[in-house]
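Observations on chain architecture
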Amino acid sequence: MKKKFIIGQISDTHFVNKNEKLFDKFDTYTRFVKTIETCNELLEIPDFYIISGDLIHDNESFYKEFFKLCNNLKRPVYAMMGNHDKRNALKKYVKSDLIDSHGYINYTISNYPLEIICLDTAIENNIEGTIFETSIKWLEEKLAKSRNKPVIIFMHHPPIEIGSVLFDHINCNNGDEFIKLISKYQNVKEVIFGHVHCFFDKIINGIKFSSCPSASIQYPIDAKSDKNIQLDTNGYVKIIDYDQGEISTKHVNINN
Ligand SMILES: [Fe+2]
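This text gives an overview of the structure that appears in the document. (Residues numbered from 1 in each chain as written. Predicted model: local features only at pLDDT ≥ 70, side-chain atom pairs only at ≥ 80, totals over all residues. Heavy atoms only, no water.)

**Overview of the pattern of salt bridges**
This is how the line gets drawn: Whenever a carboxyl oxygen of Asp or Glu lies within 4 Å of a side-chain nitrogen of Lys or Arg, that contact is scored as a salt bridge. Put simply, DSSP H or I for four residues or longer makes a helix, DSSP E for two residues or longer makes a strand, and each gets a number counted from the N terminus. Burial here depends on accessible area, computed with a 1.4 Å probe over protein chains only, as a share of the maximum for the residue type. Under 20% is buried, over 50% is exposed, and the range in between is partly exposed.
Taken as a whole and assessed by the stated rule, the structure comprises eight salt bridges. Lys4 is the partner of Glu44 in a salt bridge, and the nearest nitrogen-oxygen pair spans 3.9 Å. Here Glu44 is found in the loop between helix H1 (28-40) and strand S2 (48-51), whereas its partner Lys4 is found in strand S1 (residues 4-10), with 40 residues between them in sequence. Given the relative accessible area of 32%, Lys4 is considered partly exposed.

Next comes the structure, spelled out in structure tokens:
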């Protein structure tokens, strides 16, 4: 088993087709092309990529072009559900062993010294998230099986409040249950979520909770209301580096 490996995380691309604009304003098609170029130019190419939800923006016909572009990445891609994704349509682009027996896109990546758990938190056509009862059971089983390895969990919706007026009311609505469960396992090291389009990290009871900023647009974490928000059009890829038992992360600005 490799002692060192790298995960490239891409989140909240909100991809639309060429010549369309997100909110009539943002060219997330070109940004995704640039995201892939940035990934392919990294000095150390990640072993694989996790795209942690909101791959496309609401229209499932965008998946075709999105996954065609993903083929330009030099390493495999693991997709996750976000609130703007469509589960049945996305499942056509995801290998069947990444779908659990209840039809949720819950899976583990187990051939590394760190156990990687990707948890589906999306309630289709709803902005907030949840971990459905069957997914809680699935997670519990996976955690019980992984006691001999450090664990990192990826999810779209944050299970905790991040201090954002914009996002705290649309996070994972049973985050407390999730925290209670993972707290029983001292080998859970990190929880990384998308959804919030900003930078965030906090250590709670020895577990690091952090966000993956969007590849497309960022919202200010300290916005006072959802009116007149100044969006930041920088996009980022998160690099998670595992080396001899240590996890380190950094963010790479996507070239424009
Ligand atoms: Fe998003």
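**Comments concerning a negative patch on the surface**
Keep this limit in mind: Candidates for patches are residues over 30% relative accessible area with no salt bridge; among them, like charges are joined within 9 Å and nonpolar side chains (Val, Leu, Ile, Met, Phe, Trp, Tyr) within 5 Å. Each accessible area value is a Shrake-Rupley result obtained with a 1.4 Å probe; residue values ignore everything except the protein chains displayed when judging cover. Working convention for charge: Lys and Arg count positive, Asp and Glu count negative, and His plus the chain ends are omitted. Note on charges: their place is set at NZ of Lys, CZ of Arg, CG of Asp or CD of Glu.
Taken together, the side chains of Glu140, Glu141, Glu161, Asp176 and Glu177 make up a negatively charged region of the molecular surface. By the secondary structure assignment, Glu141 is in helix H4 (residues 133-145).

**Considerations on the packing of H1 against helix H2 (residues 63-70)**
As a reminder, the rule being used: A fitted line through C-alpha atoms represents every axis, and for helices the fit uses only the stretch in contact; the resulting angles, taken between N-to-C directions, go from 0 to 180 degrees. Here the angle decides the label: under 35 degrees means roughly parallel, over 145 means roughly antiparallel, 65 to 115 means roughly perpendicular, and every other value means oblique. The sense of a crossing depends on the near helix, which, turned anticlockwise from the far helix by less than a right angle, makes the crossing left-handed and, turned clockwise, makes it right-handed. Two residues form a contact once any of their heavy atoms are found within 4.5 Å. Residues are grouped as follows: Ala, Val, Leu, Ile, Met, Phe, Trp, Tyr, Cys and Pro are nonpolar; Asp, Glu, Lys and Arg are charged; all remaining types, including Gly, are polar.
The N-to-C vectors of H1 and H2 enclose an angle of 20 degrees; their axes lie 10 Å apart at closest approach. With respect to H2, the axis of H1 lies roughly parallel. Here the hand of the crossing between H1 and H2 comes out right-handed. In this structure, H1 contributes Tyr29, Phe32, Val33 and Ile36 to the contact, and H2 contributes Glu65, Phe66, Leu69 and Cys70. Tallied by class, the residues present in the contact of H1 with H2 amount to seven nonpolar, no polar and one charged.

**Concerning the packing of aromatic side chains**
Convention followed: Pairing of aromatic rings covers Phe, Tyr and Trp, the last through its six-membered ring, and needs centres within 6.5 Å; plane angles under 30 degrees mean stacked, over 60 mean edge-to-face, and all others mean tilted.
This structure, assessed with the given rule, holds 19 aromatic pairs. Measuring from centroid to centroid gives 4.8 Å for Phe67 and Tyr93, while their planes differ by 10 degrees, and the two rings are stacked. Of this pair, Phe67 sits in helix H2 while Tyr93 sits in the loop between helix H3 (87-91) and strand S4 (107-109); the two residues are 26 residues apart in sequence, bridging distant segments of the chain. Taken together through their ring pairs, the aromatic side chains of Phe15, Tyr29, Phe32, Tyr63, Phe66, Phe67 and Tyr93 make up a single cluster.

These figures capture arrangement, not role.
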